[in-house]
Amino acid sequence: MHSTSVLILVGILGLVLGALLAFLAVRGRGSLDRTQELELRLREANNRLEDFQLQVNEHFDQTAQLVHNLTESYREVHEYLANSAMRLSSHDIGRQMLEAGSGKLSDNVENLQSVAPPRDWAPKEPGAKGTLSEDFGLEKEPAGGRESAASR
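Criteria and thresholds
Residues numbered from 1 in each chain as written. Predicted model: local features only at pLDDT ≥ 70, side-chain atom pairs only at ≥ 80, totals over all residues. Heavy atoms only, no water. Helix = DSSP H or I, 4+ residues; strand = E, 2+ residues; numbered from the N terminus. Buried < 20%, exposed > 50% of the residue type's maximum accessible area, 1.4 Å probe, protein only. Areas by Shrake-Rupley, 256 points an atom, 1.4 Å probe, with all protein chains shown as cover. Salt bridge = Lys/Arg side-chain N within 4 Å of Asp/Glu carboxyl O. Patch = residues over 30% accessible without salt bridge, like charges linked within 9 Å, V, L, I, M, F, W, Y side chains within 5 Å. pLDDT = per-residue confidence, 0-100. Contact = heavy atoms within 4.5 Å.

A. Just the overall build of the chain, in detail. Scanning the chain from terminus to terminus reveals 5 helices and 0 strands. Residues counted as buried form 5% of the 152 residues belonging to the chain. Of the roughly 13,900 Å² of accessible surface on the chain, 60% is carried by carbon and sulfur atoms.

Next comes the structure, spelled out in C-alpha cells:
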C-alpha cells in the first residue's frame, strides 16, 4: 500500500506541477501578446501623428500661399487705383497714392508734422466744451422754466 499511496501522491504532484507549468507558460505567452498589442498600438499612434503633422504642414503651406496671393492682389488693386488717380486727377494726388503704397509717405516726417487735426471739435477756451460735445450750445433752463413747461 505504501507504494500505491506514493504512486498516487507522485501522480497528483506531477499533475499539480504540470498545471503550474502550463499556467506559467500561458501567462508568459499572454504577456508577449500584450507586449505585441502595445507595440502595434504604438506604431498606429505614431502613424496617425505623422499623418497629422503632414496635414498641419500642408495647411500652413496653403495658408502661406493664399496670404501671398492676397498680398499680390492688394498690391495690384493699389497700383491700379494709383495709376487711375494719376490719369484722372492731378499729378500730386497720384504721386501721393504711389508713395503711400510704397511706404514713402509715412517716412516723410515733415508731412506728418505739418498735418493738424481738424479744429471744429477744439474748445475755444481752456476748460470750455468743444463743438462735438453732446451738450455744446445747450443752455440749462432755469428751475422756473421747467415748471411752466410742465403746467402747459
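B. Structural detail: the pattern of salt bridges. Evaluated as defined, the whole model comprises 3 salt bridges. Glu-39 is paired through a salt bridge with Arg-43; the nearest N and O atoms lie 3.9 Å apart. Of this pair, Glu-39 and Arg-43 both sit in helix α1 (residues 2-88), 4 residues apart, roughly one helical turn. Overall, Glu-39 belongs to the partly exposed group, its relative accessible area being 40%. Among the residues examined, Arg-43 registers a relative accessible area of 48% and is labelled partly exposed. One salt bridge connects Glu-72 with Arg-75, and the closest N-O pair in it is separated by 2.7 Å. Of the two residues, Glu-72 and Arg-75 are both situated in helix α1; the distance of 3 residues between them amounts to about one turn of the helix.

C. Structural view of a nonpolar patch on the surface. Judged by side-chain polarity, Leu-17, Leu-20, Leu-21, Phe-23 and Leu-24 come together as a nonpolar surface patch covering roughly 510 Å² of accessible area. Position of Leu-24 among the secondary structure elements: in helix α1.

D. Fine view of the confidence of the model for the chain. Per-residue pLDDT for the chain has a mean of 76; in total, 62% of the residues score no lower than 70. The least confident element of the chain is helix α3 (residues 104-107), whose mean pLDDT is 47; the most confident is α1, at 87. Per-residue pLDDT stays below 50 along residues 105-109; that stretch engages in 5 contacts with residues further than four places along the chain or on separate chains.

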